[in-house]
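Letter by letter, the chains look like this.
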Amino acid sequence: MRGVLGDLVGSSPAMRQIFSMIRQVAPTSAPVLIRGESGTGKELVAREIHKCSPRTLARRRSASLAMECAVCCSLNATVSSKTDWP
(Lines give C-alpha, C1' and ligand atoms only; values in the text may rest on other atoms or scores of the structure.)
Protein backbone atom coordinates (compact mmCIF):
# COMPACT_ATOMS: atom_id res chain seq x y z
CA MET A 1 0.00 0.00 0.00
CA ARG A 2 1.43 3.37 -0.97
CA GLY A 3 1.79 6.08 1.67
CA VAL A 4 2.21 3.75 4.63
CA LEU A 5 5.16 3.30 7.02
CA GLY A 6 4.31 1.07 9.95
CA ASP A 7 1.46 2.69 11.86
CA LEU A 8 1.82 5.96 9.93
CA VAL A 9 -0.49 6.47 6.96
CA GLY A 10 -0.62 9.31 4.48
CA SER A 11 0.18 10.31 0.94
CA SER A 12 0.39 14.09 1.21
CA PRO A 13 3.69 15.79 0.42
CA ALA A 14 4.19 16.47 4.15
CA MET A 15 3.71 12.80 5.06
CA ARG A 16 6.02 11.67 2.24
CA GLN A 17 8.65 14.04 3.65
CA ILE A 18 8.20 12.54 7.13
CA PHE A 19 8.54 8.99 5.74
CA SER A 20 11.71 10.06 3.93
CA MET A 21 13.17 11.62 7.08
CA ILE A 22 12.38 8.50 9.13
CA ARG A 23 14.17 6.31 6.56
CA GLN A 24 17.10 8.74 6.57
CA VAL A 25 17.66 8.98 10.35
CA ALA A 26 16.70 5.45 11.42
CA PRO A 27 19.93 3.77 10.25
CA THR A 28 22.10 6.30 12.13
CA SER A 29 23.09 6.33 15.77
CA ALA A 30 22.35 10.05 16.06
CA PRO A 31 19.87 11.23 18.67
CA VAL A 32 16.65 12.60 17.17
CA LEU A 33 14.48 15.38 18.60
CA ILE A 34 10.87 15.20 17.46
CA ARG A 35 8.86 18.36 18.04
CA GLY A 36 5.27 19.27 17.33
CA GLU A 37 1.87 20.14 18.66
CA SER A 38 0.08 17.79 21.02
CA GLY A 39 -1.68 14.98 19.17
CA THR A 40 0.30 15.23 15.91
CA GLY A 41 1.85 11.76 16.07
CA LYS A 42 5.29 12.47 17.51
CA GLU A 43 5.30 9.21 19.46
CA LEU A 44 4.27 7.23 16.35
CA VAL A 45 7.19 8.77 14.45
CA ALA A 46 9.54 7.88 17.31
CA ARG A 47 8.30 4.28 17.30
CA GLU A 48 8.85 3.97 13.54
CA ILE A 49 12.39 5.36 13.84
CA HIS A 50 13.03 2.86 16.63
CA LYS A 51 11.55 -0.05 14.64
CA CYS A 52 13.64 0.79 11.56
CA SER A 53 16.82 1.21 13.61
CA PRO A 54 19.61 -1.37 13.23
CA ARG A 55 19.87 -1.52 17.03
CA THR A 56 16.31 -2.86 17.14
CA LEU A 57 16.94 -5.26 14.27
CA ALA A 58 20.15 -6.58 15.87
CA ARG A 59 18.45 -7.45 19.15
CA ARG A 60 15.09 -9.06 19.58
CA ARG A 61 14.25 -6.98 22.62
CA SER A 62 15.30 -3.37 22.43
CA ALA A 63 13.81 -0.78 24.73
CA SER A 64 12.32 2.48 23.60
CA LEU A 65 11.53 5.28 26.03
CA ALA A 66 8.80 7.84 25.38
CA MET A 67 9.22 10.98 27.45
CA GLU A 68 6.87 13.93 27.88
CA CYS A 69 9.35 16.80 27.81
CA ALA A 70 6.80 19.44 28.82
CA VAL A 71 6.48 17.68 32.16
CA CYS A 72 10.26 17.68 32.59
CA CYS A 73 10.44 21.41 31.89
CA SER A 74 7.63 22.12 34.35
CA LEU A 75 9.32 20.06 37.07
CA ASN A 76 12.66 21.78 36.42
CA ALA A 77 11.06 25.24 36.69
CA THR A 78 9.33 24.25 39.94
CA VAL A 79 12.54 22.93 41.49
CA SER A 80 14.51 26.00 40.34
CA SER A 81 11.98 28.42 41.82
CA LYS A 82 12.06 26.61 45.19
CA THR A 83 15.87 26.57 45.37
CA ASP A 84 16.58 30.16 44.29
CA TRP A 85 17.86 32.37 47.06
CA PRO A 86 17.01 36.08 47.23
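Residues numbered from 1 in each chain as written. Predicted model: local features only at pLDDT ≥ 70, side-chain atom pairs only at ≥ 80, totals over all residues. Heavy atoms only, no water.

A. How the structure looks around helix α1 (residues 13-25). With 13 residues, α1 extends 18 Å from end C-alpha to end C-alpha; this agrees with the ideal 18 Å at 1.5 Å per step. For α1, the full list of buried residues reads Met-15, Phe-19 and Ile-22. The buried residues of α1 occupy an angular sector of 60° when the element is viewed end-on, so they sit on one face. Exposed residues pointing more than 90 degrees away from the buried face of α1 are listed as Pro-13 and Gln-24. Contacts made by the buried residues of α1 are with β1 (4-5), β2 (8-9) and α2 (42-52). (Helix = DSSP H or I, 4+ residues; strand = E, 2+ residues; numbered from the N terminus. Expected span 1.5 Å × (residues − 1). Buried < 20%, exposed > 50% of the residue type's maximum accessible area, 1.4 Å probe, protein only. Arc of directions from axis to C-beta. Contact = heavy atoms within 4.5 Å.)

B. How the structure looks around the confidence of the model for the protein chain. Across the protein chain, pLDDT averages 75, with 60% of residues at or above 70. Taken element by element, the predicted model of the protein chain shows its lowest mean pLDDT in helix α4 (residues 69-83) (54) and its highest in α1 (92). (pLDDT = per-residue confidence, 0-100.)

C. Seen up close, the packing of α1 against α2. Direction vectors running N to C along α1 and α2 enclose 40°, while the axes themselves pass 9 Å from each other. The angle between the axes of α1 and α2 places the two elements in the oblique class. Handedness of the α1/α2 crossing: right-handed. Touching Ile-18, Ile-22 and Val-25 of α1 are Val-45, Glu-48 and Ile-49, all from α2. Looking at the contact of α1 with α2, its residues break down into five nonpolar, no polar and one charged. (Axes fitted to C-alpha atoms, helices over the stretch in contact; angles between N-to-C directions. Parallel < 35°, antiparallel > 145°, perpendicular 65-115°, else oblique. Left-handed = near helix turned anticlockwise from the far one by under 90°. Nonpolar A, V, L, I, M, F, W, Y, C, P; charged D, E, K, R; others polar.)

D. Just the pattern of salt bridges, in detail. One pass over the full model with this rule turns up three salt bridges. Between Lys-51 and Asp-7 there is a salt bridge, and its shortest N-O distance comes to 3.8 Å. In this pair, Lys-51 is assigned in helix α2 and Asp-7 in the loop between β1 and β2, connecting sequence segments 44 residues apart. The partner of Glu-43 in a salt bridge is Arg-47, and the shortest N-O contact between them spans 2.9 Å. With Glu-43 and Arg-47 both in helix α2, this residue pair falls four residues apart, about one helical turn. Salt bridges linked by common partners bring Asp-7, Glu-48 and Lys-51 together as one network. (Salt bridge = Lys/Arg side-chain N within 4 Å of Asp/Glu carboxyl O.)

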